[in-house]
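Fold and contact review
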Amino acid sequence: QVQLAESGGGLVQAGSSLKLSCAASGRTFNDYAMGWFRQAPGKEREFVAAIGHTGNIYYADSVQGRFTISRDNAKNTGYLQMNSLKVEDTAVYYCALSFIATQWSNNYNYWGHGTQVTVSS
């Protein structure tokens, strides 16, 4: 059993940067892949990025080159560094754990409660 808590969201202007954190408690997440997803109002949940146990990294095309996913297993914490933020990045961001790093949300077993990211123009 793993509990996840996202933090770091907020209101920023377009072009700014923001770093999200995903802290795991109850059990180390070293054996899991970690993914980030987001959901905007009126939109379906979409894949953002994932990092596997062996270090494999995947990004959605919409964030490639702007976002960086990382993890610190010693701290049981994952991160999503977001640069050059756009208005269309506005959404609730969720971290999740899966047995393997994939873009498919139904493969993720544990989910955090989400953190709001709002980007204004």
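Rules behind the numbers
Residues numbered from 1 in each chain as written. Predicted model: local features only at pLDDT ≥ 70, side-chain atom pairs only at ≥ 80, totals over all residues. Heavy atoms only, no water. Helix = DSSP H or I, 4+ residues; strand = E, 2+ residues; numbered from the N terminus. Polar contact = N/O pair within 3.5 Å; in protein donor to acceptor, adjacent residues only side chain to side chain. Buried < 20%, exposed > 50% of the residue type's maximum accessible area, 1.4 Å probe, protein only. Pairing = 2+ DSSP bridges. Disulfide = S-S within 2.5 Å. Phe/Tyr/Trp six-rings, centres within 6.5 Å; stacked < 30°, edge-to-face > 60°. Lys NZ or Arg CZ within 6 Å of the ring centre and 35° of its normal.

**Considering the side chain of Thr 77**
By secondary structure assignment, the location of Thr 77 is in strand 8 (residues 77-82). There is a polar contact of 2.8 Å between the side chain of Thr 77 and the backbone oxygen of Lys 75.

**Considerations on the pairing of strand 11 (residues 115-120)**
The side-chain alternation of strand 11 yields one buried face, formed by Thr 115, Val 117 and Val 119, and one unburied face, formed by Gln 116, Thr 118 and Ser 120. Across four bridges, the pairing between strand 2 (residues 10-13) and strand 11 is parallel. Looking across to strand 11, one finds that Leu 11 is bridged to Thr 118. Pairing analysis gives three bridges linking strand 9 (residues 91-98) to strand 11, with the strands arranged antiparallel. Counted as the bridge partner of Ala 91 is Val 117 from strand 11.

**Topic: the state of the cysteines**
Following the criterion strictly, the structure yields one disulfide and no others. With its sulfur 2.0 Å from that of its partner, Cys 22 forms a disulfide with Cys 95. Taking the torsion about the sulfur-sulfur bond, which here is approximately 65 degrees, the covalent link between Cys 22 and Cys 95 counts as right-handed. Here Cys 22, found in strand 3 (residues 18-25), pairs with Cys 95, found in strand 9; they are 73 residues apart in sequence, far enough to count as distant. The same class applies to Cys 22 as to Cys 95, namely buried.

**Observations concerning the packing of aromatic side chains**
In the structure shown here, the tally under the stated rule is six aromatic pairs. Measuring from centroid to centroid gives 5.8 Å for Tyr 32 and Tyr 110, while their planes differ by 90 degrees, and the two rings are edge-to-face. On the criterion of sequence distance, the pair formed by Tyr 32 in the loop between strand 3 and strand 4 (33-39) and Tyr 110 in strand 10 (residues 108-111) is long-range, its members being 78 residues apart. The residues Tyr 32 and Tyr 110 share a single accessibility class, namely buried. On the numbers, 5.1 Å between centres and 50 degrees between planes, the contact of Phe 37 with Trp 111 is tilted. In this pair, Phe 37 sits in strand 4 while Trp 111 sits in strand 10, placing the two residues 74 residues apart along the sequence. Trp 111 gets classed as partly exposed once you look at its relative accessible area, which sits at 27%. Looking at Lys 19, its charged tip hangs above the ring of Tyr 79, at a distance of 4.6 Å from the centre. If you follow Arg 45 out to its NZ or CZ, it ends over the ring of Trp 111, 4.3 Å from the centre.

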